[in-house]
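Residue-level structural notes
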Amino acid sequence: MNHSTSSVCEAQPPTAEALPGALPEALRAELIAFRRDLHMHPELGNQEFRTTAAIKARLELAGLEPRVLASGTGLICDVGTRSEATRPMLALRADIDALPIPDTKTGVPYRSTVPDRAHACGHDIHTTAVLGAGLVLAELDRQGLLPNPVRLIFQPAEEVLPGGATDTIECGVLEGVGRIIGVHCDPKVDVGRIGLRVGAITSACDRLELSLDGPGGHTARPHLTTDLVTAAAKVATEVPALLARRVDARAGLAVTWGRLQTGHVCNAIPQHAELSGTVRCLDLAAWRDAPDLVHAAIDEVAGMYRAKTVINYIRGVPPVVNDAAAIDLLAGAMTARRGSYAIEGTEQSLGGEDFSWYLEHVPGAMARLGVRTPGDTRGLDLHRGNFDVDEEAITVGVELFTASALLDGNHL
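Overview of the structure.

Summing up its helical and strand segments, the protein has ten helices and 16 strands in all. In terms of overall size, the protein behaves like a compact globule, its C-alpha atoms giving a radius of gyration of 24 Å where 412 residues would be expected to give roughly 22 Å. Each principal axis of the C-alpha atoms in the protein carries an extent, and together these give about 95 × 45 × 45 Å. Of all 412 residues assigned to the protein, the portion counted as buried reaches 51%. In the protein, once contacts between residues fewer than 6 apart in sequence are set aside, the share between residues at least 24 apart is 81%.

See the structure below:
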């Protein structure tokens, strides 16, 4: 092989047949310990100061230069050197916040030490996988084996509508980024496997807060009052049913109430009632129409009982819509590391994810990362106090991210 041909070959991204970047056993053990530390010290959205400091310290120890976001929580870190000739980077995104629920696990040494706080959605796994990928890629860059710089994004406040991604994007984290990928833990998928889907993989999610008011009175004379208990009950049951007949069923528009509060004693009709819940939607077009539709349905039902309404419709997140080329990249990366048998199709869920905001700016995709130990029948689920994972998922996540970074040039 002559010199010119050799140079061309060396400049191209590695092929799937021989990818470097296997996770060293010592680093694997360190990452498990790092995840357990995060799990023991969960922090809510925009309060992730300890988490941010831990990530920053480990990246700096590897010789990298992380930058904390202007809010004081969350950070970004570029691996590799950019130049004017460098094509747009691949970004790896992790969310770092926890949930305001108690950790009810027993028999594990890494149970949350913070009352009513838990990593019950797997963000500690997402964070550790991106951190591990960054450390592996930094070593590959030192060896001259990283074909293009990669940006690590550790985002705060994913659980806070409309999501910390909007603030993160305003900080300029997508400047120079051409594609973004991420993962989300899935307790219905065995560890060692990922779920992929082209198109919408999550749903839109908004928050709805409603107040009903009217003159109360004695329960012996409900005809002289605005019976807010009945009005609230009717709104809770009839608004979702009414919307189901006014929107194409394929749009999956659903109002689900999580709180209904009214009254103080059994023989007095109250003057005030409150409901709050979520509005979820599978379809982007229907999501854009949802506020007007929901307002109209509430006013119609509440008006039948002479209740005055104050509606606070809080926009959340649109669906995560996976780009086909980004899904091809993730599929190629997983195949390179573990074989095509480790990939399965997945359905669109009604869960919301602020990763969707990144995809309003650059193409990308989110994979479902299997975290269930094969044969486990406990039925663990997200947003429950007993949620836990098979920590082998950390290794799988690192493998997926590093292979994607190495193969990114093959999926322009």
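Further notes follow.
Next up on the list: the sheet that holds strand E8 (residues 204-213). Each strand in a sheet pairs with its neighbour through backbone hydrogen bonds, running either in the same direction (parallel) or in the opposite one (antiparallel). Spatial strand order, E10-E12-E8-E13: four strands in an open sheet with antiparallel pairing. In this open sheet, the two edge strands, each paired with only one partner strand, are strand E10 (254-262) and strand E13 (308-317). Within this sheet the neighbouring strands show an average axis-to-axis angle of 15°, counted without direction. As defined by bridge partners, E8 adjoins strand E12 (residues 272-281) across ten bridges and the pair is classed as antiparallel. By the bridge assignment for E12, Ala204 is matched with Cys281.

We now examine the packing of helix H3 (residues 49-61) against helix H4 (residues 123-142). Between H3 and H4, whose axes approach to 10 Å, the crossing angle comes to 15°. Taken as axis vectors, H3 and H4 run roughly parallel relative to one another. Remark: the crossing between H3 and H4 carries right-handed chirality. Together, Ile55, Arg58 and Leu59 of H3 and Thr127, Leu131 and Leu135 of H4 make up the contact between the two elements. Along the lines of polarity and charge, the residues of the contact of H3 with H4 split into four nonpolar, one polar and one charged.

Another aspect to go through is the sheet that holds strand E6 (residues 194-196). Spatial ordering of the open sheet is given by E1-E2-E4-E3-E5-E16-E6-E15, a layout of eight strands whose pairing is mixed. In this open sheet, the two edge strands, each paired with only one partner strand, are strand E1 (67-68) and strand E15 (343-345). Judged from the three bridges that link them, E6 and E15 form a sheet pairing that is parallel. Its bridge partner lying in E15, Leu196 is registered against Gly345. Across the sheet, H3 touches E1, strand E2 (75-79) and strand E4 (150-155), and the angle it forms with E2 is around 15°.

Now for helix H2 (residues 25-40). In this model, H2 (16 residues) spans 23 Å end to end at C-alpha, consistent with the 22 Å of a helix rising 1.5 Å per residue. Every buried residue belonging to H2 is among Leu27, Leu31, Ile32, Phe34, Arg35, Leu38 and His39, and all of these are buried. Seen end-on, H2 carries its buried residues on one side only, within an arc spanning 160°. Looking at H2, the residues exposed on the side facing more than 90 degrees away from the buried face are Glu25 and Ala26. In this fold, the buried residues of H2 make contact with H3, H4 and helix H10 (392-407).

This next bit is on the pairing of E4. Counting buried residues along E4, six of its six residues qualify, which places the element largely inside the surrounding structure. Neither face of E4 is open: one carries Val150, Leu152 and Phe154, the other Arg151, Ile153 and Gln155, and all of them are buried. As judged from the five bridges shared by E2 and E4, these two strands associate in the antiparallel manner. Note on E4: the bridge partner recorded for Leu75 is Phe154. After leaving strand E3 (residues 89-95), the chain enters H4 and then returns to the sheet as E4, a path that is right-handed.

Turning our eyes to something else, we now look at the layout of surface pockets. The computed volume of the largest pocket comes to approximately 830 Å³. If you trace the largest pocket, you find 34 residues lining it, with His184, Arg280, Gly351, Gly352 and His383 closest to the centre. Taken together, the elements giving at least two residues each to the lining of the largest pocket come down to strand E5 (177-190), E12, E15 and strand E16 (364-372). The element best represented in the lining of the largest pocket is E5, accounting for six residues. As for the second largest pocket, its lining consists of Pro187, Lys188, Val371, Arg372, Thr373, Asp376, Arg378, Gly379, Leu380, Asp388, Val389 and Asp390. Counting only elements with at least two residues in the lining of the second largest pocket, the list comes to E5 and E16.

About the criteria used
Counting from 1, residues in each chain are numbered in the order their sequence is written. Only residues with pLDDT of at least 70 get local features here, since the model is predicted, and only at 80 or more are side-chain atom pairs given and counted; chain-wide, interface and lining totals rely on the full set of residues. The side-chain figures draw on all heavy atoms in the structure; neither hydrogens nor water molecules are used. Secondary structure elements follow DSSP: runs of H or I of four or more residues count as helices, runs of E of two or more count as strands, with numbering from the N terminus. For the radius of gyration, the atoms used are the C-alpha atoms, and the globule rule reads 2.2 Å times the number of residues raised to 0.38. To sort residues, take the accessible area from a 1.4 Å probe on protein chains only and compare it with the maximum for the residue type: under 20% means buried, over 50% means exposed, and anything in between is partly exposed. Residues are treated as being in contact if the distance between any of their heavy atoms lies within 4.5 Å. Being paired, for any two strands, means DSSP has found at least two bridges between them. To define axes, lines are fitted to C-alpha atoms, for helices over the stretch in contact only, and angles between the resulting N-to-C directions are given on a 0 to 180 degree scale. For classification purposes, angles smaller than 35 degrees are called roughly parallel, those larger than 145 roughly antiparallel, those between 65 and 115 roughly perpendicular, and all remaining angles oblique. Crossings are sorted by hand: turned counterclockwise from the far helix by less than a right angle, the near helix makes the crossing left-handed, and turned clockwise it makes it right-handed. Residues are grouped as follows: Ala, Val, Leu, Ile, Met, Phe, Trp, Tyr, Cys and Pro are nonpolar; Asp, Glu, Lys and Arg are charged; every other residue, Gly included, is polar. To estimate the expected span of a helix, subtract one from its residue number and multiply by 1.5 Å. What the arc covers is the set of directions going from the helix axis to the C-beta atoms. Call a crossover right-handed when, viewed with both strands pointing away from you, the route from the first strand across the helix to the second goes clockwise. Points on a 1 Å grid, built from protein atoms alone, make a cavity when a 1.4 Å probe fits but cannot get out and make a pocket when they are open with protein on both sides within 12 Å along at least 5 of 7 lines; residues with an atom within 4 Å of a point are the lining residues. Grid points are joined across faces, edges and corners, and a volume is the space filled by probe spheres set on the points.

Don't take any of this as a statement about function, it's just geometry.
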